[in-house]
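Examining the three-dimensional arrangement
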Amino acid sequence: QVQLVESGGGSVQAGGSLRLSCTASRYTLCMGWFRQAPGKEREGVATIHSSGTTSYADSVQGRFTISKDNAKNTLYLQMNSLKPEDTAMYYCAADAWRCMVDGSFRYWGQGTQVTVSS
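Notes on the structure in this doc start here. Quick caveat: nothing in here was measured; it's all calculated off a predicted structure. (Residues numbered from 1 in each chain as written. Predicted model: local features only at pLDDT ≥ 70, side-chain atom pairs only at ≥ 80, totals over all residues. Heavy atoms only, no water.)

The next thing to look at is the overall build of the chain. Across its full length, the chain carries 0 helices and 11 strands. Helices (α) and strands (β) of the chain occur, in sequence order from the N terminus, as β-β-β-β-β-β-β-β-β-β-β. Structurally, the chain occupies a C-alpha span of about 40 × 25 × 25 Å along its principal axes. For the chain, with 118 residues in total, the buried portion stands at 46%. Pairs at least 24 apart in sequence give 57% of the contacts found in the chain among residues at least 6 apart. (Helix = DSSP H or I, 4+ residues; strand = E, 2+ residues; numbered from the N terminus. Buried < 20%, exposed > 50% of the residue type's maximum accessible area, 1.4 Å probe, protein only. Contact = heavy atoms within 4.5 Å.)

Below you can see the structure in the form of structure tokens.
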């Protein structure tokens, strides 16, 4: 089992930045961020493997950066140039055979809300 606790969500104006954090109860090889906006399906945002390999959704490429502190079992998502369409509940996830934004993850956090106003 892996417990995941997210933090760092909030409200920001368009063009602003936020950094999300997710602390895992133990080490995992693969972690990622997903999001779900009201009335929409959940979508993969970014993933990172302990080898350093990352993947990003096209919609966030160049604006978001995923990183991981393996010593602290903590995952981060730096979000810059935020847009109103980035508004969603953001979820941390861990443990997937395919460490990509379209991978199937086994463990999920409770989520943290990000709201971007225009």
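On strand β7 (residues 64–69), burial follows the alternation: F64, I66 and K68 on one face are buried, whereas T65, S67 and D69 on the facing-out side are not. For β7 and strand β8 (residues 74–79), the ladder comprises 6 bridges, and the chain directions are antiparallel. Within β8, the position partnered with K68 by the bridge is L75. Turn length for the β7-β8 hairpin, with the two strands adjacent in sequence and antiparallel, is 4 residues, and the turn residue N73 shows positive phi of about 50 degrees. (Pairing = 2+ DSSP bridges.)

What follows concerns the pattern of salt bridges. Side chains that differ in charge, positive against negative, can pair when their charged atoms come close. Counted by the stated rule, this structure contains 5 salt bridges. The partner of D86 in a salt bridge is R63, and the shortest N-O contact between them spans 2.8 Å. Of this pair, D86 sits in the loop between β8 and β9 (88–96) while R63 sits in the loop between β6 (54–56) and β7, and the two are 23 residues apart along the sequence. Exposure class is identical for D86 and R63. Each is buried. Salt bridges linked by common partners bring R35, E43, R63 and D86 together as one network. (Salt bridge = Lys/Arg side-chain N within 4 Å of Asp/Glu carboxyl O.)

With respect to the secondary-structure elements, S21 resides in strand β3 (residues 18–24). Considering only alpha carbons, one finds S21 and I48, 27 residues apart in sequence, at a separation of 14 Å.

The next point concerns the packing of aromatic side chains. Considering all chains together, one arrives at 3 aromatic pairs under this definition. With centroids separated by 4.9 Å and ring planes inclined at 65 degrees, the aromatic side chains of F34 and W108 adopt a geometry described as edge-to-face. Taken together, the positions of F34 in strand β4 (residues 30–36) and W108 in strand β10 (residues 105–108) put the pair 74 residues apart, joining distant regions of the chain. Relative to W108, the ring of F105 has its centre 6.5 Å away and its plane inclined at 65 degrees; by these criteria the two rings are edge-to-face. A relative accessible area of 26% means that W108 is categorised as partly exposed. Among the aromatic residues, those joined into a ring-pair cluster are F34, F105 and W108. The ring of W108 carries R42 above its face, with NZ or CZ at 3.9 Å from the centroid. (Phe/Tyr/Trp six-rings, centres within 6.5 Å; stacked < 30°, edge-to-face > 60°. Lys NZ or Arg CZ within 6 Å of the ring centre and 35° of its normal.)

For the rest of this paragraph, the subject is the state of the cysteines. Simply put, disulfide is the name for a covalent bond between the sulfur atoms of two cysteines. Under the criterion given, the structure shown has 2 disulfides. Two residues share a disulfide in this structure: C22 and C92, whose sulfurs sit 2.0 Å from each other. On the sign convention where negative means left-handed, the S-S torsion of about -75 degrees between C22 and C92 marks this disulfide as left-handed. Placement of the pair is C22 in strand β3 and C92 in strand β9, with a sequence separation of 70 residues. In this structure C92 comes out as buried when scored by relative accessible area, which is 0%. (Disulfide = S-S within 2.5 Å.)

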